[in-house]
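Below are the chains, spelled out letter by letter.
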Amino acid sequence: MNPAPHPRPAPGLPGRRGLLGGLLAGAALAAVPALAAPARAGARPDPATAGPRATRPLLLGTYTSEAGGGAGIGTAAYDTGTGTITSGPVITGVENPSYLAPHPSGGTVYAVAEQGAGAVTAVAIGPDGTYEVLGTRPTGGSGPTHLSVHPTGRWLLSANYTSGSVAVHPIAEDGSLGERTDLVTHSSPPPGPGQGGPHAHQIVTSPDGGHVLAVDLGTDTVYTYRLDASAGTLTEVSRAALAPGSGPRHLAFHPGGRFAYLACELDNTMVVCAYDPATGALTPGPGQSTGTGSGVSYPAQPVVTGDGAYVYLANRGHNSLTRYAVEGDGAVLRLLDTVPVGGDWPRQLALSPDSSLLFAANQRSSTVTVFGVGPDGSLTAAGTPFPAPVAVCVLPLP
């Protein structure tokens with residue numbers, strides 16, 4: 001969510017469904033091929049020795065209810081060598097898709113409906129690149145801002161920011177969603193300074209697959225749950241307390257699975273957290289500088305390169321990307337510098353599957369900026385910003 005109150009759309013769920021066949025016909029279809037199963041990210045390729053270039057699909061999240069916003073999920077393609085983005089048609093019938101997540105099979109994408117009556121929507125992707133909106137399910141809360149798919153591919157996890165709760169939905173074999181199997185509201189500890197209640201901002205599965213972690217900005221807490229893989233229910237096993245008023249927002253795990261990096265948007269820090277796969281316990285270290293100077297810069301989201309060598313952080317107020325080198329097998333972040341993002345209010349970051357490109361969704365400038373990631377972690381702007389209405393999420397796909 002934005003640090004200032006954000007206009008919320010009127011309650012209601014998406015009702016438009018059906019086949020969106022032919023959306024990517026002709027040149028657009030050629031530019032956006034059918035999705036393949038995600039590959040495991042690895043070391044960043046050296047552009048000088050990289051193989052032949054190709055185009056890959058890119059999806060864009062927005063606010064459909066906001067002035068200047070999009071009409072649904074935007075589709076595009078990106079050049080894997082240059083980062084150049086080519087626009088495609090829009091997947092309509094999806095309301096306020098402010099965050100997107102793919103199924104591990106590559107055959108379905110899920111979107112939150114960030115509105116008063118929160119919901120999640122499943123969109124099937126055909127072998128020919130056409131799309132079908134499979135349906136929508138209520139999350140049981142309001143203002144969902146994040147969702148992720150459990151590694152088994154059987155459960156969709158979502159975080160309701162406004163109501164401070166997390167939800168679980170079953171995923172059928174065709175990628176469609178069943179009725180919600182659980183809803184957990186963060187009722188304790190009490191909200192942090194300046195917060196009116198809990199605000200669940202992210203929900204992810206640990207790299208070992210054994211635990212589900214929910215980051216709550218309102219209670220300054222990260223909750224660890226165990227997911228019952230048969231019933232789709234969550235049982236809390238641990239919680240990590242952050243500094244009062246720090247406002248933890250999003251975390252990203254190191255590929256080694258023993259450390260995670262947590263962006264705290266209200267005290268302008270990055271926190272290295274140790275993770276114990278046996279117990280699910282997350283142990284936060286001290287807050288570290290984002291390199292943006294004094295004042296609050298509202299850091300939004302960290303991402304980690306596939307080889308675990310570098311971490312990048314989006315700073316919305318500073319309109320920059322912080323670069324960290326990862327040391328000590330993931331235990332240490334060393335601040336390198338900040339790089340201008342080339343847009344206004346970078347809400348979300350994403351790396352390409354091979355970590356050779358970094359994408360930034362800039363909400364207020366309605367652009368996506370792209371950077372080439374060098375073998376040494378350096379960032380080089382790739383071309384001109386790509387126009388995308390109220391860009392709040394960018395999802396590059398294999």
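The preceding data block contains the structure.
Residues numbered from 1 in each chain as written. Predicted model: local features only at pLDDT ≥ 70, side-chain atom pairs only at ≥ 80, totals over all residues. Heavy atoms only, no water.

Turning our eyes to something else, we now look at the overall build of the chain. When helices and strands are counted, the chain shows 1 helix and 30 strands. A total of 398 residues make up the chain; the buried ones form 56% of that total. Across the chain, contacts joining residues at least 24 apart in sequence account for 53% of those joining residues at least 6 apart. Accessible surface, the chain as shown: approximately 14100 Å² in total, 55% of it carbon and sulfur. (Helix = DSSP H or I, 4+ residues; strand = E, 2+ residues; numbered from the N terminus. Buried < 20%, exposed > 50% of the residue type's maximum accessible area, 1.4 Å probe, protein only. Contact = heavy atoms within 4.5 Å. Areas by Shrake-Rupley, 256 points an atom, 1.4 Å probe, with all protein chains shown as cover.)

Counted according to the given criterion, the structure contains 1 cavity of 30 Å³ or more. Reported here for the largest cavity is a volume of approximately 80 Å³. Along the walls of the largest cavity sit S98, Y99, T145, H201, R249, H250, A300, Q301, R347, Q348 and V392, which together make up its complete lining. Put simply, the parts of the chain that give the lining of the largest cavity at least two residues each are β17 (248-253), β21 (299-304) and β25 (346-351). Considering only residue class, the lining of the largest cavity consists of 3 nonpolar, 6 polar and 2 charged. (1 Å grid on protein atoms, 1.4 Å probe; cavity = no way out; pocket = protein on both sides within 12 Å on 5 of 7 lines; lining within 4 Å. Points joined across faces, edges and corners; volume = space filled by probe spheres on them. Nonpolar A, V, L, I, M, F, W, Y, C, P; charged D, E, K, R; others polar.)

Strand-to-strand pairing in sheets goes through backbone hydrogen bonds, with the strands running parallel or antiparallel. Across the sheet, which stays open at both edges, the 4 strands sit in the order β17-β18-β19-β20 with antiparallel pairing between neighbours. A single partner strand is all that each edge strand has here, and the edge strands are β17 and β20 (282-289). Sheet twist, expressed as the average angle between the axes of neighbouring strands with direction ignored, equals 25°. Across 6 bridges, strand β19 (residues 269-275) lies against β20 in antiparallel orientation. From the neighbouring strand, A274 faces β20, where its bridge partner is T283. (Pairing = 2+ DSSP bridges. Axes fitted to C-alpha atoms, helices over the stretch in contact; angles between N-to-C directions.)

Summed over all chains, the structure comprises 7 salt bridges. With a shortest N-O distance of 3.7 Å, R347 and E114 are connected by a salt bridge. Taken together, the positions of R347 in strand β25 and E114 in the loop between β6 (108-113) and β7 (119-125) put the pair 233 residues apart, joining distant regions of the chain. Grouping residues by exposure puts R347 and E114 together as buried. Put simply, E179 and R137 hold a salt bridge, and the shortest N to O gap is 2.4 Å. Highlighted residues: E179 in the loop between β11 (165-170) and β12 (182-185) and R137 in strand β8 (residues 131-138), separated in sequence by 42 residues. Assessed through its relative accessible area of 51%, E179 is described here as exposed. A residue is classified by how much of its surface remains accessible, and R137, at 25% relative accessible area, is partly exposed. Connected through salt bridges with shared partners, the residues R249, E265 and R316 form a single ionic network. (Salt bridge = Lys/Arg side-chain N within 4 Å of Asp/Glu carboxyl O.)

All right, on to the environment of H250 then. Secondary-structure assignment places H250 in strand β17. Sequence separation of H250 and A200 is 50 residues, and the distance between their C-alpha atoms is 10.0 Å. When residues no more than four places from it in sequence are discounted, the contact partners of H250 are Y99, H146, H201, Q202, V215, Y261, L262, A263, A300, Q301 and P302. From its side chain, H250 meets the backbone oxygen of H201 in a polar contact 3.4 Å long. (Polar contact = N/O pair within 3.5 Å; in protein donor to acceptor, adjacent residues only side chain to side chain.)

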